[in-house]
Amino acid sequence: MNFFSRSVLALFTLVFIVLAAGDLYTWRVIRRQAQEAGFDELAALARTARSHQLDLNDPLALHRWIAEIATSGAQAALIGSNGQVLADSAPGSTVGIKDPEIQQALSTGEGRSVRYSDPLRRDILYYAVSFAATPSPASASLPATSRAYVLLLALPLPDVDRQFSAMRRPVWAAFLILLASAIAVSLLDFRGTARRVRGLKDFAARMAAGDFRPLRAAPAGDALEELARALNETAARLNASIGVLTDERNRSAAILGSMIEGVAVISGDERILFSNRAFSRILGLDNVGEIEGRPLLEVARQSDLLSAIKLALSGQEQVTSEIAVGTVRPRSFAVTAAPVQASSHKGAVLVLHEITDLRRLERVRQDFVANVSHEFRTPLTAIQGFAETLLGGALEDPVNRRRFVEIIREHATRLARLTEDLLKLSRIEAGQLKLEFRPVSVSQLVESCVETAQLKAVPKQLALNVRLPDGLPPVRGDAHSLQEVLQNLLDNALQYTPAGGKIDVSASCSDGRVVVTVADTGIGIPQAEQERIFERFYRVDAARSREAGGTGLGLSIARHIMEAHGGRLWVESAVGEGSRFHFSLPIAS
Ligand code: ADP
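So, how was this worked out
- Residues numbered from 1 in each chain as written.
- Predicted model: local features only at pLDDT ≥ 70, side-chain atom pairs only at ≥ 80, totals over all residues.
- Heavy atoms only, no water.
- Helix = DSSP H or I, 4+ residues; strand = E, 2+ residues; numbered from the N terminus.
- Rg over C-alpha atoms; globule rule 2.2 N^0.38 Å.
- Buried < 20%, exposed > 50% of the residue type's maximum accessible area, 1.4 Å probe, protein only.
- Contact = heavy atoms within 4.5 Å.
- Pairing = 2+ DSSP bridges.
- Axes fitted to C-alpha atoms, helices over the stretch in contact; angles between N-to-C directions.
- Near = heavy atom within 4 Å.
- Polar contact = N/O pair within 3.5 Å; in protein donor to acceptor, adjacent residues only side chain to side chain.
- Areas by Shrake-Rupley, 256 points an atom, 1.4 Å probe, with all protein chains shown as cover.
- Core = buried A, V, L, I, M, F, W, Y, C linked by side-chain atoms within 4.5 Å.
- Domains from an automatic or database assignment.
- Phe/Tyr/Trp six-rings, centres within 6.5 Å; stacked < 30°, edge-to-face > 60°.
- Lys NZ or Arg CZ within 6 Å of the ring centre and 35° of its normal.
- Parallel < 35°, antiparallel > 145°, perpendicular 65-115°, else oblique.
- Left-handed = near helix turned anticlockwise from the far one by under 90°.

(A) Spotlight on the overall build of the protein. When helices and strands are counted, the protein shows 14 helices and 17 strands. For a compact globule of 589 residues, the expected C-alpha radius of gyration is about 25 Å, and the protein comes in at 67 Å, more than 25% above that figure. Referenced to the eigenvectors of the C-alpha coordinate spread, the extents of the protein come out at roughly 215 × 60 × 40 Å. Expressed as a percentage of its 589 residues, the buried residues of the protein come to 37%. Residue pairs at least 24 apart in sequence account for 58% of intrachain contacts in the protein once pairs closer than 6 positions are excluded.

Rendered as structure tokens:
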């Protein structure tokens, strides 16, 4: 049952009860009035009848008297105090001394009662009045004592019900018409109200689903309109707040998502509450699916990471640790776990920061110091040893002393070269290398280096050929530094190519760059070491290089110089077949 039916039913019941109560009350009032009017009429009739001189001993006169009274329409009877009915206008009626009105009249002088008569189907008003008859002169034979008589008058009560129902019909009809019109009017009004309430209900449901578009309602100036306006304001405010929150969340997500550090928030029961892309990428969880909500132990195997989280969750401030990830190319990460307390929830924030380069640089620095010490120790030991030998008496030895001094000089030269190379390298790395960029002719550059190389090639039985295409454009560079690079490549080729081998110097031009190539048919470089030979002190065969007076710094310096020119230096090589070193330089504009 909807709201409308309930209100209509309530209204109907209320009006019906009021009307029924009114109906009953009116009926009773009318009935009482009718009774009183009837009794008044009977009393007046009795008074009139009693004013008549009557000989009670004359039955005929008595009957006449009664019949005369009955002409008024009322039933009349005269009853003696002994219960004898002396005369009755309706012979055969059941009047008797026991009737309550008669008893009442005998005791108080007057009695009234109302009784229903089945044959007449009507209430009958009974009115009794007692009187004492004084004996008439005609009845002087009778004892002189006065006797009590009761005159009973009965009158059917007018048909109050019929009268009343005639009056009642238009009232009820009016009620029904009124009720029907009230229902019709409120139904019309209710339809509109119900539609607006439904609109508000749908709007609330829409808001719950996250749609905050305002409700468009026609102005009605009532409480529903106020409610709609309040809801619209609520929706607008909610929308704005959600917008702000969403913006903030998106911004945080964008920041966390774009971070290269892996970030994760871990709950008190060691589950991942949040993690950014970098976190999944670092731990190789990209293909594992959704990791949020899963226990950290399930997705991360690094025991150091897990124990860092445990310590942070136990309340320890800022736990730091280090983990290695990956097997083919291991990467190092610094782990920072810090406890966080959000309302009643305890948790920890985990940050993974890559330190692979840092660790590599540390290793390079340590290796460098070790290499430098090592490189210096050999010549220094030799110098010290031979100097002591000379001082210990070899100075007097005319056969060996010259050789010993030559050895000392050789090692000193080597030390000087080493120091010079190291200085050069540190100058380049500190950006202090002074380069004067000018157009440099490639053929002139090659010629100036090949001349010296040719001198070394002949005794080693190596064929050195130069093949340069015509019309090569000049390159932009510092002639002296470029010479140094090419010289180094030629020296290496001469050094690592066995007798009978071949060295070719060539050049080509494409895409605005000139590529110079030094190719040899020497021992070649293993694939794994082709990139490492450009590192400082890195040598495939250290003993051989050292013997040849190499410092292991030449290619490292050469690569730095090329990079300072905006050029490149790279190698292609196969062990036992030879190596091809290329460097490319921009054409001078
Ligand atoms: P070094 O002073 O030892 O020559 P470099 O930096 O010039 O130092 O070269 C580093 C290493 O690269 C050398 O020790 C050698 O092992 C390797 N290398 C360089 N050039 C060649 C080449 N043409 N053929 C074979 N190995 C080479």
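There is more to say, and it comes next.
(B) Spotlight on the sheet that holds strand 10 (residues 345–354). Across the sheet, which stays open at both edges, the 5 strands sit in the order 7-6-10-9-8 with antiparallel pairing between neighbours. Across the chains shown, the open sheet's two edge strands, defined by having one partner strand only, are strand 7 (272–275) and strand 8 (319–325). Averaged over all adjacent pairs, the angle separating strand axes in this sheet is 25 degrees, with direction ignored. Taken together, the 3 bridges between strand 6 (residues 262–267) and strand 7 define a ladder with antiparallel strand orientation. Across the sheet, the residue bridging to alanine 264 is serine 275, located in strand 7.

(C) Looking closely at the site of the ligand. In the neighbourhood of the ligand, 22 residues make up the surrounding shell, with Asn492, Asp520, Ser545, Gly552 and Leu555 lying closest. The contact in question runs from an oxygen atom of the ligand to an N or O atom on the backbone of valine 540, over 3.0 Å. Separating an oxygen atom of the ligand from a backbone N or O atom of threonine 551 is a distance of 3.0 Å. Against a free-state accessible area of 520 Å², the protein chains account for coverage of 97% of the ligand. Mapped by element, the contributors of at least two residues to the shell around the ligand are helix 12 (479–495), helix 14 (554–564) and strand 17 (578–586).

(D) Representation of the nonpolar core. If you look at the biggest cluster of nonpolar residues, it comprises 44 residues, and the most contacted ones within it are Leu464, Leu486, Leu490, Ile503, Ile533, Phe581 and Phe583. Those elements giving two or more residues to this core turn out to be helix 10 (401–429), helix 11 (442–457), helix 12, strand 14 (502–510), strand 15 (513–520), helix 14, strand 16 (568–574) and strand 17. Mapped onto the domain boundaries, this core takes at least three residues apiece from domain 3 (359–429) and domain 4 (438–586). Once you skip the residues sitting within four places of it in the chain, isoleucine 503 turns out to touch Leu462, Ala463, Leu464, Asn465, Leu490, Ala493, Leu494, Val518, Ala519 and Asp520. Counting 29 residues, the second-largest nonpolar core is a separate cluster that includes Ala49, Leu56, Leu78 and Val129.

(E) A look at the packing of aromatic side chains. Enumeration over the complete set of coordinates arrives at 8 aromatic pairs. Taken together, a centroid distance of 5.6 Å and an interplanar angle of 40 degrees make the contact between phenylalanine 368 and phenylalanine 537 tilted. In this pair, phenylalanine 368 is assigned in helix 9 (residues 356–391) and phenylalanine 537 in the loop between strand 15 and helix 13 (542–547), connecting sequence segments 169 residues apart. When its relative accessible area of 23% is taken as the criterion, phenylalanine 368 is described as partly exposed. Taking the relative accessible area as the measure of exposure, phenylalanine 537 reaches 6% and is therefore buried. If you follow arginine 476 out to its NZ or CZ, it ends over the ring of phenylalanine 437, 4.3 Å from the centre. Taking the ring centre of phenylalanine 368 as reference, the NZ or CZ of arginine 536 above it sits at 4.4 Å.

(F) Highlighting the sheet that holds strand 12 (residues 463–467). Pairing is mixed in the open sheet, where 5 strands are placed in the order 12-14-15-17-16. Looking at which strands have only one partner, the edges of the open sheet turn out to be strand 12 and strand 16. Strand-to-strand twist in this sheet, taken as the mean axis angle between neighbours without regard to direction, amounts to 15 degrees. Summarising the sheet, strand 15 and strand 17 pair through 7 bridges and their orientation is antiparallel. What sits directly across from alanine 519, in strand 17, is arginine 580.

(G) How the structure looks around unusual backbone geometry. For glutamine 318, which is not glycine, the phi dihedral falls at a positive 40 degrees. The backbone of glutamine 461 sits at a positive phi, close to 55 degrees, despite the residue not being glycine. Within the element layout of this structure, glutamine 461 appears in the loop between helix 11 and strand 12.

(H) Inspection of the pairing of strand 6 at higher detail. Along strand 6, 5 of the 6 residues are buried, which leaves the element largely enclosed by surrounding structure. Connecting strand 6 to the next strand, strand 7, in antiparallel fashion are 4 residues, including glutamate 270 with a positive phi near 60 degrees.

(I) Highlighting the pairing of strand 10. Pairing between strand 6 and strand 10: 6 bridges, direction antiparallel. Counted as the bridge partner of alanine 264 is leucine 350 from strand 10. Inspection of the sheet shows strand 9 (residues 331–342) paired to strand 10 by 10 bridges, in the antiparallel sense. Bridged to alanine 338 within strand 10 is valine 349.

(J) Examining the packing of helix 4 (residues 160–208) against helix 5 (residues 223–258) more closely. Where helix 4 contacts helix 5, the two axes come as close as 11 Å, and the packing angle between them is 10 degrees. Relative to helix 5, the element helix 4 is oriented roughly parallel. You can see that helix 4 and helix 5 cross each other, and the crossing is left-handed. Residue-level inspection shows Thr193, Arg196, Val197, Leu200, Phe203 and Met207 of helix 4 in contact with helix 5, the latter providing Leu224, Glu225, Leu227, Ala228, Leu231, Asn232 and Ala235.

(K) Spotlight on the environment of alanine 223. Checked against the element boundaries, alanine 223 lands in helix 5. Residues alanine 223 and leucine 555 lie 332 residues apart in sequence; the distance between their C-alpha atoms is 89 Å.

(L) Fine view of the environment of alanine 457. Position of alanine 457 relative to the elements: it lies in helix 11. Residue classification places alanine 457 among the buried positions, given a relative accessible area of 0%. As for alanine 457 and glycine 80, which are separated by 377 residues in sequence, their C-alpha atoms are 182 Å apart. Apart from the residues within four sequence positions on either side, alanine 457 is in contact with Leu462, Leu464 and Leu494.

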